[in-house]
Amino acid sequence: MRHAFGFVLGVLLTPALAYGAAWGFVQGGQSFDGTGQEITDRTRIYGAFALLAAVGLVMGVIIVARWASPLVSLVPALALLGFSVAFLLDPGRILDLPSKVPPSGDMDDGLRTLLGSGVYAMMGFALLVPSWAPRRWGSGRRDDEAADVDFYSAAGR
């Protein structure tokens, strides 16, 4: 049951992480003038930084959470890495994909830029590492608790 919930949560987190990072990137980029070295819209840049911080926080929780199924991090990792590999193999086809998926506009530019710059590959590798930990695939009980249960159930026979 834990892995089924982890799979569903991983499927839901995949677009949230991808779109959240892209939206924060686009909004942050539109709120300052690099040539004039000034922030043009403080409210927008604060919102963009808050959204990017939230994406980072969610990724951090997924990475370090001992209670989480490895599928919570494995599903988004494989999706982000899959898109990155597909981009390297056929960039035109993958870069056309955001225009076919809503919402369109500035979000498309953010998705394309983060994919082409390797940010999604970096996020994918960071999320892939926790799935290698054997403790995440187990039942979540500590070994001494499991031994106690086995001892008491065998003693009661």
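About the thresholds
Residues numbered from 1 in each chain as written. Predicted model: local features only at pLDDT ≥ 70, side-chain atom pairs only at ≥ 80, totals over all residues. Heavy atoms only, no water. Helix = DSSP H or I, 4+ residues; strand = E, 2+ residues; numbered from the N terminus. Buried < 20%, exposed > 50% of the residue type's maximum accessible area, 1.4 Å probe, protein only. Contact = heavy atoms within 4.5 Å. Areas by Shrake-Rupley, 256 points an atom, 1.4 Å probe, with all protein chains shown as cover. Salt bridge = Lys/Arg side-chain N within 4 Å of Asp/Glu carboxyl O. Core = buried A, V, L, I, M, F, W, Y, C linked by side-chain atoms within 4.5 Å.

Visitor: Looking at this structure, I do not really get the overall build of the chain. What am I missing?
Guide: The helix and strand tally for the chain stands at 8 helices and 2 strands. Going from N to C terminus, the chain has its helices and strands arranged as α-β-β-α-α-α-α-α-α-α. Buried positions account for 34% of the 157 residues belonging to the chain. A sequence separation of at least 24 residues applies to 75% of the contacts in the chain between residues at least 6 apart. Accessible surface computed for the chain: about 9,700 Å², of which carbon and sulfur atoms make up 68%.

Visitor: Please explain the pattern of salt bridges as it appears in this structure.
Guide: Side chains that differ in charge, positive against negative, can pair when their charged atoms come close. Applying the stated criterion across every chain, the model contains 2 salt bridges. One salt bridge connects Arg 44 with Asp 41, and the closest N-O pair in it is separated by 3.9 Å. For Asp 41, a relative accessible area of 29% gives the class partly exposed. Arg 112 is the salt-bridge partner of Asp 109, the closest N and O atoms lying 3.9 Å from each other. You can see Asp 109 and its partner Arg 112 sitting in helix H5 (residues 106-116), 3 residues apart, about one turn around the helix. Look at Arg 112 and you get partly exposed, because its relative accessible area is 25%.

Visitor: Hey, could you run me through the nonpolar core in this one?
Guide: Burial of nonpolar side chains together is a common tendency in soluble globular proteins. By size, the foremost hydrophobic cluster in this structure holds 26 residues, and its most contacted members are Tyr 120, Met 123 and Leu 127. Every element with two or more residues in this core is listed here: helix H1 (2-30), helix H2 (42-64), helix H3 (71-89), H5 and helix H6 (119-128). No other element matches the 7 residues that H3 contributes to this core. Excluding residues that lie within four positions of it along the chain, Leu 127 makes contacts with Leu 17, Met 59, Ile 62, Ile 63, Ser 73, Leu 74, Pro 76, Ala 77 and Leu 80.

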